[in-house]
Amino acid sequence: MKRVFLASTALFALAAPAFAQADEAETAEDVIIVETTYTKLDRFVYPGATATVDAEALDLSRPSDLDDLLRQLPGVDVSGGPRRTGQTVSLRGQGRENTTLLLDGARQNFGSAHDGVFFVDPAMLVGVEAVRGPASALFGSGASGGVIAFRTASAHDLLGNGENWGYGLGAGYRSVDEETRSSVSLYGRTGAFDALASISSRSSGDIALGSGNDLPADDDSVSGLLKFGADLADGIRAELSWQTFDGSATEPNNAQGAAAVGSLNALVNKDITSDAITLNATIAPSTISWLDLDVTVYRNETGVDETETVSGRELRRDLETSGIRLDQRFDFTLGAYDAGLTVGGEYYEDSQDGYDSAEAGGVRGGAPDADSQFTAGWVQLELDGPAPFGLPGRVILLPGVRQDSFETSTPTTTTVSSDATSSRFAATYAPIDSFNVFVSWGEAFRAPSINELYLDGTHFSLPHIILGPPTFITNEFIANPDLLPEETETLEIGLRVDLSDRINVDRLDVSASWYQTDAENLIDLFVDFAFDPTCFAPPFFGPCSAGTTQSRNVGAAELEGYEIQLGLAEGPFSLDASLTGIDGKDVATGDPLGSLAPTRLFLDGRWRFEDTRLTLGGRIEAAGEYDEPLAVSEHRPGYVVADAYARWQPIADSGLRINAGVENLFDHDYDRVFAGVSEPGRSVRVDVSWSQNF
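All values derive from a computational prediction rather than experimental measurement.

Student: Hey, could you run me through the overall build of the protein chain in this one?
Tutor: Helix and strand counts for the protein chain stand at 7 helices and 35 strands. By the compact-globule yardstick of 26 Å for 694 residues, the protein chain fits well, its C-alpha radius of gyration being 26 Å. Dimensions of the protein chain, computed from the C-alpha atoms along their principal axes, are close to 85 × 60 × 50 Å. Scored against the burial criterion, the 694 residues of the protein chain give a buried share of 53%. Across the protein chain, every contact between residues at least 6 apart in sequence was considered, and the portion connecting residues at least 24 apart equals 65%. Carbon and sulfur atoms make up 59% of the accessible area of the protein chain, which totals about 28,800 Å². In the protein chain, which carries 47 positive and 105 negative side-chain charges, the distance between the mean positions of the two groups comes to 4 Å.

Structure follows, in structure tokens:
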């Protein structure tokens, strides 16, 4: 019923992203990264690595998927191939399990290599924040690599002073997969109340790869956003939002890479649903000077249902996440220092339900029915003031600690419980306003997931080694409730310099950092592929199995990398650039380890022609050769990929905009490290949008 409603509403849509009118971001040195740091420090002096994708960047790039959306962020990699449901994200070489995702402050905990990780149409977004490096002192389990926070729009974002309501419409097309997309938004405010309603739809087919082949894909989705806000009193605001995604795809069960359809990877019809209901409240009344409280209450339901097109076998994976988070900030002075103390608490739980119609009792291999609960409290101190010991300039100190307790259980097993303490200390020293150095040390952890602890059912099946079809044997999952949490310790050193006054330009800032992460008790999936001796013994050749699969703590690893960022603006011209590199190894063997990537250079430059209201831009992504894997077949040559884009406002003082672009301009055939498939070839993109406020 929900899908029928969304689809019928989408017929009236004409927009591709719904929020093209969102305000442009401030300059980089003025940006305050609030949601992921819980400080009031601007990005230039924050003792850590941060980055944003602002509304202007979203409007120029018109992203279609996670890769389009996040590719400009240093240290962030989206792998898994071009299909949306196969894409997964990693930060600084640490995969999805160690990357915390937030949507309007609410945790997004769904994650599956075969079924996707995060379902939101980029057209719903007005910004993305990312903090790279350990964030468990604020976010607990699964934030060792960092945090990526996605933010949807509210009417406040889209309306200016004296404006009471508005709308946005348009249409878009992309040639590489013949994607058509549309969306419509309506927003307004009256008195203390405001509201926004938006809907977006996408439909695409097979993906034309740079290799000249087509990657089979058939993808349709409808997304919706409803958000209601109320300024209940001076300093007190509440927002209630519902973000929904309803998609369908016909593709192999494992959508990653170029895995062909076969007996172990059936063609399926996938139905994907995701609903996130979030209440955000800010309580800082002017009459109570000490009260500055942020509250987030949320419930997410994400599910992927699959039906094999030939056999009719049904597979299901559903995850429900419910939680509440509270953060109270106290601002005060401590001697010569401005101080901020944030005290917080959080509770959330995950409940997973798996189903396989072909297995006894409906048990789905790798998706056990189980529940996890997390309870946490934390404190973070922010000190900002003169440097000690008679040194010139300013110093910022940022210590923090968080205590987590967690437990996981299934209907048929005893509860597994544990706890963890995550500490962090970071400092910035700025001898002058235009230059600073920072150092950050942090502990982080990741609790074993539901799937890792209680793996059950069949991992894979194959024909009997002697008898052949129709006799099949299986490799079975084995639970391991004795798994220990992964633990990491990271040291990072960096510097920033603002050269705009020396070079006499509007903006020129450079930042660079080096980090090293030591990890212990890594959790890995161990496949013991072995046949029973009875498989070869006549006359019955049985019982016979293909071994077992189990999650285990396998040892220690070391990750090391660097990140360099540059931002330049002078008059109509602006340029953003980053250079990143990462290396990881197993401490015991020296073998490459982690979600590693080659050295990568990213450039994004644009020129605004004010008289004609035209912006022309281009992006270049260049990666070095990647030969770290031991297997030569996994090596990847270097590549250079170029995009061109433009935005034109043909009529002055109107909301009409025309966006166009050519991605992979030279139709280059290239692979990402872990995709196992060529990336999309040359693609032409065209968008027309209209927005108007009154």
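Now that the structure has been shown, the text picks up again.
Student: I'm lost on the environment of N213 in this one. Help?
Tutor: Assignment of secondary structure puts N213 in the loop between β11 (207-208) and β12 (214-215). With relative accessibility at 51%, the residue N213 sits in the exposed group. Considered as a pair, N213 and P680 are 467 residues apart in the sequence and their alpha carbons are 9.6 Å apart. Beyond its immediate sequence surroundings of up to four residues, N213 is in contact with I207 and A208.

Student: What is the right way to look at the sheet that holds strand β6 (residues 125-132) in this model?
Tutor: Read across the open sheet, the 5 strands follow the order β1-β6-β7-β4-β5; overall the sheet is mixed. Unpaired on one side and paired on the other, β1 (49-53) and β5 (106-107) mark the two borders of the sheet. With 2 bridges connecting them, strand β4 (residues 99-103) and β5 associate as antiparallel partners. Bridge pairing in β5 places L102 opposite R107.

Student: How do you make sense of the environment of G584 when you look at a structure like this?
Tutor: For G584, the location among the structural elements is in strand β30 (residues 573-586). A C-alpha to C-alpha distance of 35 Å links G584 and M124, two positions 460 residues apart in sequence.

Student: What exactly am I supposed to notice about the sheet that holds strand β28 (residues 548-553) here?
Tutor: Strand pairing within a sheet occurs via backbone hydrogen bonds; the two strands may be parallel or antiparallel. Read across the open sheet, the 4 strands follow the order β23-β24-β28-β27; overall the sheet is mixed. Each end of this open sheet is capped by a strand with a single partner; those strands are β23 (458-463) and β27 (523-528). The average undirected angle you get between the axes of adjacent strands in this sheet is 20 degrees.

Student: Is there a simple way to explain a negative patch on the surface in this structure?
Tutor: Taken together, the side chains of E560, D583, E625, D627 and E628 define an acidic patch exposed on the protein surface. E560 gets classed as partly exposed once you look at its relative accessible area, which sits at 34%.

Student: Whenever I open this one, the packing of aromatic side chains confuses me. Can you help?
Tutor: In this description, a pair of aromatic rings is defined by centroid distance and the angle of the planes. What the rule picks out here adds up to 16 aromatic pairs. Here the aromatic rings of F110 and F119 are separated by 6.1 Å at their centres, their planes lie at 50 degrees, and the arrangement is tilted. Its relative accessible area of 5% is what places F110 among the buried residues. Between F406 and F445, the aromatic rings sit 5.7 Å apart at their centres with planes inclined by 15 degrees, giving stacked as the arrangement. Taken together, the residues span a long stretch of sequence, with F406 in strand β20 (residues 394-409) and F445 in strand β22 (residues 435-446) at a distance of 39 residues. You'll find F406 and F445 in the same group, each marked buried. An aromatic cluster of three or more residues is present, and its members are Y348, F374, F406 and F445. When the ring centre of Y515 is taken as reference, the NZ or CZ atom of R92 above it lies at 4.0 Å.

Student: Quick question: what am I supposed to make of the pairing of β28 here?
Tutor: Consecutive residues of a regular strand have side chains that alternate between opposite faces of the sheet. In the sheet, strand β24 (residues 472-478) pairs with β28 via 3 bridges, with the strands oriented parallel. Directly across from F477, in β28, lies its bridge partner T549. With 6 bridges joining them, β27 and β28 adopt antiparallel strand pairing. Bridging across to β28, V527 finds its partner in T549.

Student: Explain the nonpolar core to me, please; I cannot follow it from the model alone.
Tutor: The tendency in soluble globular proteins is for nonpolar side chains to be buried side by side. In terms of nonpolar packing, the biggest core is built from 32 residues, with L70, L73, F118, V128, I148 and F150 touching the most fellow members. Looking at which element gives the most residues to this core, the answer is β6, with 4 residues. Beyond its immediate chain neighbours, meaning those up to four positions away, L70 contacts V76, V78, V89, V128, I148 and F150. Of all hydrophobic cores here, the second largest spans 9 residues; its members include Y38, A135, F139 and A143.

Student: Looking at this model, I keep getting lost on the pattern of salt bridges. Mind explaining?
Tutor: Any two side chains of opposite charge can pair, on the condition that their charged atoms come close. Using the criterion set out here, one finds 50 salt bridges in the structure. For E239, the salt bridge identified is with R237, shortest N-O distance 2.9 Å. Given the relative accessible area of 15%, R237 is considered buried. Across the pair D576 and R507 runs a salt bridge whose closest N-O atoms are separated by 3.7 Å. You can see D576 sitting in strand β30 and its partner R507 sitting in strand β26 (residues 507-520), a full 69 residues away along the chain. The exposure class assigned to D576 is partly exposed, which follows from its relative accessible area of 27%. Where salt bridges share partners, they join R84, D121, E179, R181, R202, D219, E663, R685 and D687 into one cluster.

Student: What exactly am I supposed to notice about the environment of A569 here?
Tutor: Within the secondary structure, A569 is located in strand β29 (residues 556-570). Each C-alpha atom of the pair A569 and R606 lies 9.6 Å from the other, and the pair is 37 residues apart in sequence. For A569, the residues in contact, after removing those within four places along its chain, are V505, D506, R507 and S574.

Student: Just to check I follow, could you spell out the pairing of strand β25 (residues 486-498) for this structure?
Tutor: Of the pairings in the sheet, the one linking β22 to β25 comprises 12 bridges and is antiparallel in character. Across the sheet, the residue bridging to V437 is L495, located in β25. In this structure, β25 lies alongside β26, joined through 12 bridges in antiparallel fashion. Within β26, the residue paired with T488 across the bridge is A519.

Student: Sorry, what's going on with the state of the cysteines here?
Tutor: Cysteine pairs can be linked by a disulfide, which is a covalent bond between their two sulfur atoms. The final tally for this structure, using the stated rule, is 1 disulfide. Each disulfide pairs two cysteine sulfurs, and for C535 the partner residue is C544, the sulfurs being separated by 1.9 Å. Of note, the bridge from C535 to C544 carries an S-S torsion of about 100 degrees and is right-handed in sense. Residue classification places C544 among the buried positions, given a relative accessible area of 18%.

Rules and cut-offs
- Residues numbered from 1 in each chain as written.
- Predicted model: local features only at pLDDT ≥ 70, side-chain atom pairs only at ≥ 80, totals over all residues.
- Heavy atoms only, no water.
- Helix = DSSP H or I, 4+ residues; strand = E, 2+ residues; numbered from the N terminus.
- Rg over C-alpha atoms; globule rule 2.2 N^0.38 Å.
- Buried < 20%, exposed > 50% of the residue type's maximum accessible area, 1.4 Å probe, protein only.
- Contact = heavy atoms within 4.5 Å.
- Areas by Shrake-Rupley, 256 points an atom, 1.4 Å probe, with all protein chains shown as cover.
- Lys, Arg positive; Asp, Glu negative; His and termini not counted.
- Charge placed at Lys NZ, Arg CZ, Asp CG, Glu CD.
- Pairing = 2+ DSSP bridges.
- Axes fitted to C-alpha atoms, helices over the stretch in contact; angles between N-to-C directions.
- Patch = residues over 30% accessible without salt bridge, like charges linked within 9 Å, V, L, I, M, F, W, Y side chains within 5 Å.
- Salt bridge = Lys/Arg side-chain N within 4 Å of Asp/Glu carboxyl O.
- Phe/Tyr/Trp six-rings, centres within 6.5 Å; stacked < 30°, edge-to-face > 60°.
- Lys NZ or Arg CZ within 6 Å of the ring centre and 35° of its normal.
- Core = buried A, V, L, I, M, F, W, Y, C linked by side-chain atoms within 4.5 Å.
- Disulfide = S-S within 2.5 Å.

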